[in-house]
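Residue-level listing of the chains:
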Amino acid sequence: MIDIKELDRTTFLRESLVIYQKKKGFRFGTDTFLLADFVRCQPGERFIDLGTGSGVIPLLLLEKYDSVTGAAVDVVKECAELAKLNAEVNGCADRLDVFCINVKDVRSCFSAEKFDVVITNPPFKEVKRGLINPDNYKAIARHEIEGTLKDFVEAAAYLLKWKGRFYIVCPVERFVDTVAFCRDKNLEPKRLRFIQPSVEEKANLFLLEARKGGGKGIEILPPLIIYRDKKRKLYTEEMKRKYETFFETE
């Protein structure tokens, strides 16, 4: 069980959107928000978030799209419990099913081609490369300890309906791997956007949409610049608009 004393209570985008996170441990960042912003859902669709953490992406999507339903999975028991708590606090527990399972085991929990949309902000550091964070939750979120990038892509391919959409955010160092894994599982890249911390810096992240059974052809969007003044943490006009208008649907 989660000890409420170990949690921070914050609001995000709206005062009514409450998010509980562990005071010590992995916390959601800008990449999580930008992935949620990149996702497009149609009325009545069902999505699943692989490696959901505290459930921020499902919360944002359920708040934005009032006719969709979702599921979320995480291998860490406390993360799954946090996601359930956040869904209950925000009044959407009846629209979100949360499971504590490894992405490698989705076949034991879900039938094939069950979802219209699959979303993930997966662990990206290969275990033999880079220092592993001593905090176990942060390590699992960033390093391929409980599941590799390939495992997440394979799970997405299994769960997606034909012509369903896969959304992922990842560091650029795994871009070629991501495209290769997607192509191998018949997930065709359809929309791509690189993210730069500032105009002076190279891209460090990318957002990708792939479609199961999609034809060849990809839309490459202009780079997304986060800060116009990184030292003073001043966002670009586009970033400010994203935060201000996130809940507006086209």
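Residues numbered from 1 in each chain as written. Predicted model: local features only at pLDDT ≥ 70, side-chain atom pairs only at ≥ 80, totals over all residues. Heavy atoms only, no water.

A.B. asks: Help me out: how do you make sense of the overall build of the protein chain in this one?
C.D. replies: Along the protein chain, the regular secondary structure elements total 7 helices and 12 strands. Across the 250 residues of the protein chain, 50% fall into the buried class. A separation threshold of at least 6 residues defines the contact pool for the protein chain, and within that pool the share at least 24 residues apart is 69%. Summing over all exposed atoms, the protein chain offers an accessible surface of approximately 12,400 Å²; the carbon and sulfur share of this is 49%. (Helix = DSSP H or I, 4+ residues; strand = E, 2+ residues; numbered from the N terminus. Buried < 20%, exposed > 50% of the residue type's maximum accessible area, 1.4 Å probe, protein only. Contact = heavy atoms within 4.5 Å. Areas by Shrake-Rupley, 256 points an atom, 1.4 Å probe, with all protein chains shown as cover.)

A.B. asks: It is not clear to me how the packing of aromatic side chains should be interpreted in this structure. Could you clarify?
C.D. replies: Where two aromatic rings form a pair, the distance of their centres and the angle of their planes describe that pair. Scanning the entire structure with this criterion turns up 14 aromatic pairs. On the numbers, 5.0 Å between centres and 80° between planes, the contact of F99 with F110 is edge-to-face. In this pair, F99 is assigned in strand β5 (residues 96–99) and F110 in the loop between β5 and β6 (115–120), connecting sequence segments 11 residues apart. Its relative accessible area of 26% is what places F99 among the partly exposed residues. On the accessibility criterion, F110 (5% relative accessible area) is buried. When the ring of F246 is compared with that of F247, the centres are 5.0 Å apart and the planes differ by 85°; the resulting orientation is edge-to-face. Owing to a relative accessible area of 1%, F246 belongs among the buried residues under this scheme. Taken together, the aromatic side chains of F12, F28, F33, Y227, Y235, Y243, F246 and F247 make up a single cluster linked through ring pairs. (Phe/Tyr/Trp six-rings, centres within 6.5 Å; stacked < 30°, edge-to-face > 60°.)

A.B. asks: Could you clarify how one ought to interpret the pairing of strand β3 (residues 46–50) in this entry?
C.D. replies: For a regular strand, side-chain orientation follows a simple rule: the groups alternate between the two sheet faces. Extensive coverage of β3 is indicated by the burial of 4 of its 5 residues. The pairing of β3 with strand β4 (residues 69–73) spans 5 bridges and is classified as parallel. Residue pairing for β4: F47 is matched across the bridge by G70. Where the polypeptide runs from β3 across helix α2 (residues 56–64) and back to β4, its parallel neighbour, the crossover connection is right-handed. (Pairing = 2+ DSSP bridges. Right-handed = clockwise from strand over helix to strand, strands pointing away.)

A.B. asks: Where do I start with the nonpolar core in this structure?
C.D. replies: Membership of the largest hydrophobic core comes to 40 residues, with the highest contact counts inside it found for L34, L60 and I119. Residue contributions to this core peak at 6 residues, all from α2. (Core = buried A, V, L, I, M, F, W, Y, C linked by side-chain atoms within 4.5 Å.)

A.B. asks: Which parts of the structure should I look at to understand the packing of helix α5 (residues 149–159) against helix α6 (residues 175–184)?
C.D. replies: Pairs of packed helices are described in terms of their axes, by the angle between the two and the distance that separates them. Here α5 crosses α6 at 35°, and the two axes come no closer than 9 Å. In the packing of α5 onto α6, the handedness of the crossing is right-handed. Residues L149, K150 and V153 of α5 touch α6, and the partners they reach there are D177, T178, F181 and C182. (Axes fitted to C-alpha atoms, helices over the stretch in contact; angles between N-to-C directions. Left-handed = near helix turned anticlockwise from the far one by under 90°.)

A.B. asks: I keep staring at the state of the cysteines and nothing clicks. Help me out?
C.D. replies: Each disulfide is one covalent bond, formed between the sulfur atoms of two cysteines. Inspection of every chain in the model, using the stated rule, returns 0 disulfides. Free of any disulfide, C170 has its nearest cysteine sulfur in C182, 10.0 Å distant. (Disulfide = S-S within 2.5 Å.)

A.B. asks: In this structure, what is going on with the confidence of the model for the protein chain? I would like to understand it.
C.D. replies: The predicted coordinates should not be examined in detail at positions where pLDDT is low. Here the protein chain averages 90 in pLDDT, and 89% of its residues register 70 or above. In this model residues 131–135 is a low-confidence stretch, pLDDT under 50, and it forms 11 contacts with partners more than four residues away in sequence or in other chains. (pLDDT = per-residue confidence, 0-100.)

A.B. asks: Would you mind showing me how to read unusual backbone geometry here?
C.D. replies: Trans is the prevailing form of peptide bonds, just as negative phi is the prevailing case for residues other than glycine. Phi is positive for K163, close to 75°, though the residue is something other than glycine. The topology assignment puts K163 in strand β7 (residues 160–171). In this structure K163 comes out as partly exposed when scored by relative accessible area, which is 38%. The backbone phi angle of N186 is positive, close to 65°, even though this residue is not glycine. Tracing the backbone through its elements, the reader meets N186 in the loop between α6 and β8 (187–198).

A.B. asks: What exactly am I supposed to notice about the pairing of β7 here?
C.D. replies: Burial analysis of β7 places 9 of its 12 residues in the buried class, the great majority of the element. Two strands pair when backbone bridges link them, and β6 and β7 are joined in this way by 5 bridges, in the parallel orientation. Along β7, the bridge assignment pairs F115 with L160. As paired strands, β7 and strand β9 (residues 205–212) are joined by 7 bridges and run antiparallel to one another. Each residue of the ladder has a partner; that of F166, found in β9, is A210.

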